[in-house]
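# Close look at the chain arrangement
Given next are the chains, with one letter for each unit.
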Amino acid sequence: MEILIQPSAASATQLAAEMIAQTLRANPRAVLGLATGHTLEPVYARLAQMHQKLLLDFSGCRTFNLDEYIGLPAADPNSYRSYMNLHLFEKVNIARHNTHLPDGMATHLDAACADYEGRIARIGGIELQLLGIGLNGHIGFNEPPSRSDSRTHVEELSPETIRHNAPQFASPARVPRRAITMGIGTILDSHRCLLLATGAEKADIVAQAVEGPLTGQIPASALQTHFNCTVILDSAAAARVEAQVQTVIS
Ligand code: GLP
């Protein structure tokens, strides 16, 4: 696991966006795994800027998002489809048919999960999987306790995650209780993982994820077993990471 610590959230964001852009420049048909959450909003803003100012080309790229709420139509402002449209897809030249999210409105949810796995496999797997981290260590919506070999599945959201995600909704009661998420095994199959965490709120969970024991109680700790995983942190999120593994790039 490579851990890159940046002095500020802005420079951590910039580095993450640059790595995604490099992947796209090297392979314009790259398959990108995307994630949602506040942490990633400035990354998408930077990518949109790179598209406008530097002509970063998304026309050949294919994307698969980690997760989607169950029971929210795509047009609901809180669906992850709406999030992606707002923050990235409407701002770059990506073809909408090349963007994939799990179908949280499917009648047969298990079939929708299997279909998502099949689509990822048929396209040849994910080249770069972008990740945020939840306060309880979840990646995607893999809540503790998680299994390191899980595939795309239906997950019950934890009370902590519901609380954390509630401010976007009219009331906490409106937060969906379930989501479809890629499994930890699905995420670990990606050729490269890139986890971004910023802010002091994430310092404890980041240290447990990158230096603590491998445990389903901290789903993100499974990333320690990935052969090509980069973790980008700002100094606040890195505050509890042991000094010897810190690399400062300015
Ligand atoms: C949601 C998403 C996760 C994301 C997490 C952290 O729960 N399903 O993929 O990592 O939020 O979000 P934030 O960046 O807002 O802290």
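Nothing here was measured: the structure is a model prediction, and the numbers come from that model. (Residues numbered from 1 in each chain as written. Predicted model: local features only at pLDDT ≥ 70, side-chain atom pairs only at ≥ 80, totals over all residues. Heavy atoms only, no water.)

## A closer look at the site of the ligand
As a reminder of what qualifies: Note on definitions. A residue lies near a molecule or strand when any single heavy atom of the residue is within 4 Å of it. In protein, a polar contact requires one atom able to donate a hydrogen and another able to accept it; more generally it is a pair of N or O atoms within 3.5 Å, and residues adjacent in sequence count only if both atoms are side-chain atoms. What sets the accessible areas is the Shrake-Rupley method with a 1.4 Å probe; for residues, cover comes only from the shown protein chains. In the scheme used here, Gly and all other residues not listed as nonpolar or charged are polar, with Ala, Val, Leu, Ile, Met, Phe, Trp, Tyr, Cys and Pro taken as nonpolar and Asp, Glu, Lys and Arg as charged.
Surveying the vicinity of the ligand reveals 14 residues, the closest of which are His38, Thr39, Asp67, His138 and Lys202. One of the side-chain N or O atoms of His164 is found 3.3 Å from an oxygen atom in the ligand. In this structure, an oxygen atom belonging to the ligand sits 2.7 Å away from a side-chain N or O atom of Lys202. In isolation the ligand offers 390 Å² of accessible surface; the protein chains occlude 96% of this area. The residue inventory of the shell around the ligand, partitioned by class, reads 3 nonpolar, 9 polar and 2 charged.

## Details of the nonpolar core
Formally: The set of buried Ala, Val, Leu, Ile, Met, Phe, Trp, Tyr and Cys residues whose side-chain atoms join them within 4.5 Å is what this entry labels a nonpolar core. The buried label applies to any residue whose accessible area, calculated with a 1.4 Å probe on protein chains only, is under 20% of its type's maximum; exposed applies above 50%, and partly exposed to all values in between. For the purposes of this entry, the term helix denotes a DSSP run of H or I that reaches at least four residues, the term strand denotes a run of E that reaches at least two, and both are numbered from the N terminus. What makes two residues a contact is simply this: any of their non-hydrogen atoms within 4.5 Å.
Judged by nonpolar contacts, the single largest core of 76 residues is most densely connected at Tyr44, Leu47, Leu223, Ile232 and Leu233. It is helix 1 (residues 9–26) that provides the largest number of residues to this core, a total of 8 residues. For Leu233, the contacting residues outside a window of four places in its chain are Ile3, Leu4, Ile5, Gln6, Ala12, Ala197, Val206, Ala238 and Val241. One finds Ala106, Leu109, Cys113 and Ile180 within the second-largest nonpolar core, a separate group that totals 6 residues.

## Topic: the sheet that holds strand 5 (residues 99–100)
What counts, and what does not: One bridge is not enough; two strands pair if DSSP finds at least two bridges between them.
Taken in spatial order, the 7 strands make up an open sheet running 1-10-9-6-2-3-5, and their pairing is parallel. The open sheet has two edge strands, strand 1 (2–6) and strand 5, and neither has a second partner. In terms of strand pairing, strand 3 (residues 62–65) meets strand 5 through 2 bridges, oriented parallel. If you follow Phe64 over to strand 5, its bridge partner there is His100.

## Details of the environment of Cys61
For Cys61, the position within the fold is in the loop between helix 2 (41–54) and strand 3. Not counting residues within four places of it along the chain, the set of residues in contact with Cys61 comprises Leu24, Pro28, Arg29, Ala30, Leu32, Ile94 and Asn98.

## Regarding the packing of helix 1 against helix 2
What counts, and what does not: In this analysis, axes come from line fits to C-alpha atoms, helices being fitted only over the stretch in contact, and the angle between any two N-to-C directions falls in the range 0 to 180 degrees. Angles below 35 degrees are treated as roughly parallel, those above 145 as roughly antiparallel, those between 65 and 115 as roughly perpendicular, and all remaining angles as oblique. The crossing is said to be left-handed when, going from far helix to near helix, the turn is anticlockwise and less than a right angle, and right-handed when the turn is clockwise.
Viewed as axis vectors pointing N to C, helix 1 and helix 2 meet at an angle of 50°, and their least axial separation amounts to 9 Å. Here helix 2 runs oblique to helix 1, going by the angle between their axes. Crossing of helix 1 against helix 2: the hand is right-handed. Across the interface between the two elements, Thr13, Gln14, Ala16, Ala17, Glu18, Ile20, Ala21 and Arg25 from helix 1 touch Pro42, Val43, Arg46, Leu47 and Met50 from helix 2. Of the residues in the contact of helix 1 with helix 2, the class split is 8 nonpolar, 2 polar and 3 charged.

## Some remarks on helix 1
What counts is decided by this rule: By definition here, a helix of n residues has an expected span of 1.5 Å times n minus one.
The end-to-end C-alpha distance of helix 1, which contains 18 residues, comes to 26 Å, matching closely the 26 Å that a straight helix rising 1.5 Å per residue would cover. Listing the buried residues of helix 1 in full gives Ser11, Ala12, Thr13, Leu15, Ala16, Ala17, Met19, Ile20, Ala21, Thr23 and Leu24. Buried residues belonging to helix 1 abut strand 1, strand 2 (31–34), helix 2, strand 6 (128–131), strand 9 (192–197) and strand 10 (229–234).

## Regarding the pattern of salt bridges
Side chains carrying opposite charge are able to pair once their charged atoms draw close together. The test is simple: Criterion for a salt bridge: a side-chain nitrogen of Lys or Arg within 4 Å of a carboxyl oxygen of Asp or Glu.
Evaluated as defined, the whole model comprises 7 salt bridges. Taking the shortest distance from any N to any O, the salt bridge between Asp204 and Arg240 comes out at 2.9 Å. With Asp204 in helix 7 (residues 203–211) and Arg240 in the segment after strand 10, the pair connects residues that are 36 residues apart, well separated along the chain. The network of salt bridges with shared partners includes Glu117, Arg151 and Asp189.

## A look at the side chain of Thr23
Tracing the backbone shows Thr23 in helix 1. The class of Thr23 is buried, set by a relative accessible area of 11%.

## So, the packing of aromatic side chains
The cut-off we apply is this: In summary, the pairing rule links any two rings of Phe, Tyr or Trp, Trp by its six-membered ring, whose centres are within 6.5 Å, and it sorts them by plane angle into stacked for under 30 degrees, edge-to-face for over 60 and tilted for everything else.
Considering all chains together, one arrives at 7 aromatic pairs under this definition. When the centroid spacing of 5.6 Å and the interplanar angle of 65° are considered together, the rings of Phe64 and Tyr116 count as edge-to-face. In this pair, Phe64 sits in strand 3 while Tyr116 sits in helix 4 (residues 109–122), placing the two residues 52 residues apart along the sequence. One exposure class covers both Phe64 and Tyr116, and it is buried. The interplanar angle of 40° and the centroid separation of 4.8 Å between the aromatic rings of Tyr69 and Tyr80 together place this pair among those described as tilted. Remark: Tyr80 occurs in helix 3 (residues 80–87) and Tyr69 occurs in strand 4 (residues 67–69); sequence separation between them is 11 residues.

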